[in-house]
Amino acid sequence: MAGHTQNEITIAAPVDLVWDMTNDLESWPQLFSEYASLEILSREGNRTRFRLTMHPDDNGTVWSWVSERETDRANLTVDAHRVETGPFAYMNIRWTYEKTPQGTRMVWTQDFEMKPDAPVDDDWMTDNINRNSKVQMALIRDRVEKAAAEQGAAPGLTD
């Protein structure tokens with residue numbers, strides 16, 4: 001069995017600002033609350049390979065892995081996957097952005113499967129991703145909307 005999640009949020013900010021802030025990988029430790037650090041390993045065109053390290057979990061475990069993502073600004077999509085899969089058999093993530101009258105709709109779709117010897121199963125991870133995505137998306141929305149207000153950028157006015 002495989003896991004699948006899809007979470008979305010509308011951010012009251014222009015798509016350019018949402019795109020720029022959420023695709024500035026070096027700023028992810030300030031944008032997301034769960035990441036302690038991000039190290040860029042390589043860049044080639046629109047493809048970036050990087051190491052993400054999370055803050056310690058409740059048991060003191062620090063999770064870290066290498067991912068690769070490819071941005072497609074023209075189509076407002078980002079496709080990513082874990083290179084170092086850890087407990088996952090695979091993890092693929094698609095981010096999509098859509099300009100709306102209210103601002104920018106951002107959607108995260110994740111398809112994955114846990115390894116048979118993983119400490120949790122697909123159902124547990126699906127619930128965990130759904131819970132955490134809502135928290136992180138709300139945090140990102142608040143931070144991007146604050147930046148938009150500081151810049152005087154109205155939602156939906158730029159591409």
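Quick caveat: nothing in here was measured; it's all calculated off a predicted structure.

Colleague: Just to check I follow, could you spell out the sheet that holds strand S1 (residues 3–11) for this structure?
Modeller: The strands making up a sheet associate through backbone hydrogen bonding, with each pair oriented either parallel or antiparallel. Pairing is antiparallel across the open sheet formed by 7 strands, whose spatial order is S1-S7-S6-S5-S4-S3-S2. Unpaired on one side and paired on the other, S1 and strand S2 (35–44) mark the two borders of the sheet. Averaged over all adjacent pairs, the angle separating strand axes in this sheet is 20 degrees, with direction ignored. Strand direction decides the pairing type here: S2 and strand S3 (residues 47–54), joined by 8 bridges, are antiparallel. By the bridge assignment, serine 37 is partnered in S3 with threonine 53. Its contacts with the sheet place helix H1 (residues 15–22) against S1, strand S4 (64–72), strand S5 (77–82), strand S6 (88–100) and strand S7 (103–114), and it is angled at close to 155 degrees to S6. Along the sheet, helix H3 (residues 122–151) contacts S1, S6 and S7; its crossing angle with S1, the most-contacted strand, is approximately 15 degrees.

Colleague: Sorry, what's going on with the packing of aromatic side chains here?
Modeller: Under the criterion given, the structure shown has 11 aromatic pairs. Within the aromatic cluster, the residues linked to one another by ring pairs are Trp19, Trp28, Phe32, Tyr35, Phe50, Trp95, Tyr97 and Trp108. For arginine 69, the ring lying beneath its charged end belongs to tryptophan 95, and the centroid distance is 4.8 Å. Here the guanidinium or amino end of arginine 82 rests over the ring plane of tryptophan 65, the centre of that ring lying 3.7 Å away.

Colleague: Help me out: how do you make sense of the layout of surface pockets in this one?
Modeller: Empty space among the atoms can be located by rolling a probe the size of a water molecule over them. Roughly 1000 Å³ of internal volume is contained in the largest pocket. What lines the largest pocket is a set of 36 residues, and nearest its centre among them are Glu34, Met54, Trp65, Arg82 and Asn128. When contributions to the lining of the largest pocket are tallied by element, the ones reaching two or more residues are S3, S4, S5, S6, S7 and H3. If one sorts the elements of the lining of the largest pocket by residue count, H3 sits on top with 7 residues. Of the residues that constitute the lining of the largest pocket, the class distribution is 21 nonpolar, 10 polar and 5 charged.

Colleague: Would you explain the pattern of salt bridges in this entry?
Modeller: Pairing is possible between side chains that carry opposite charge, provided their charged atoms lie close to one another. Summed over the entire model, instances satisfying the criterion amount to 11 salt bridges. With its nearest N and O atoms 2.8 Å apart, the salt bridge here joins glutamate 84 to arginine 51. On the criterion of sequence distance, the pair formed by glutamate 84 in the loop between S5 and S6 and arginine 51 in strand S3 is long-range, its members being 33 residues apart. Of the residues examined, glutamate 84 reaches a relative accessible area of 34% and is grouped as partly exposed. Between glutamate 150 and lysine 146 there is a salt bridge; the shortest N-O distance is 3.1 Å. Of this pair, glutamate 150 and lysine 146 both sit in helix H3, 4 residues apart, which is roughly one turn of the helix. Pair check on accessibility: glutamate 150 and lysine 146 agree, each one exposed. One network of salt bridges, in which partners are shared, links Arg47, Arg49, Glu68 and Glu70.

Colleague: In this structure, what is going on with unusual backbone geometry? I would like to understand it.
Modeller: Glycine aside, the phi torsion of most residues is negative, and most peptide linkages are trans. For leucine 76, which is not glycine, the phi dihedral falls at a positive 55 degrees. With respect to the secondary-structure elements, leucine 76 resides in the loop between S4 and S5. Note on leucine 76: relative accessible area 16%, which makes it buried.

Rules used in this analysis
Residues numbered from 1 in each chain as written. Predicted model: local features only at pLDDT ≥ 70, side-chain atom pairs only at ≥ 80, totals over all residues. Heavy atoms only, no water. Pairing = 2+ DSSP bridges. Helix = DSSP H or I, 4+ residues; strand = E, 2+ residues; numbered from the N terminus. Axes fitted to C-alpha atoms, helices over the stretch in contact; angles between N-to-C directions. Contact = heavy atoms within 4.5 Å. Phe/Tyr/Trp six-rings, centres within 6.5 Å; stacked < 30°, edge-to-face > 60°. Lys NZ or Arg CZ within 6 Å of the ring centre and 35° of its normal. 1 Å grid on protein atoms, 1.4 Å probe; cavity = no way out; pocket = protein on both sides within 12 Å on 5 of 7 lines; lining within 4 Å. Points joined across faces, edges and corners; volume = space filled by probe spheres on them. Nonpolar A, V, L, I, M, F, W, Y, C, P; charged D, E, K, R; others polar. Salt bridge = Lys/Arg side-chain N within 4 Å of Asp/Glu carboxyl O. Buried < 20%, exposed > 50% of the residue type's maximum accessible area, 1.4 Å probe, protein only.

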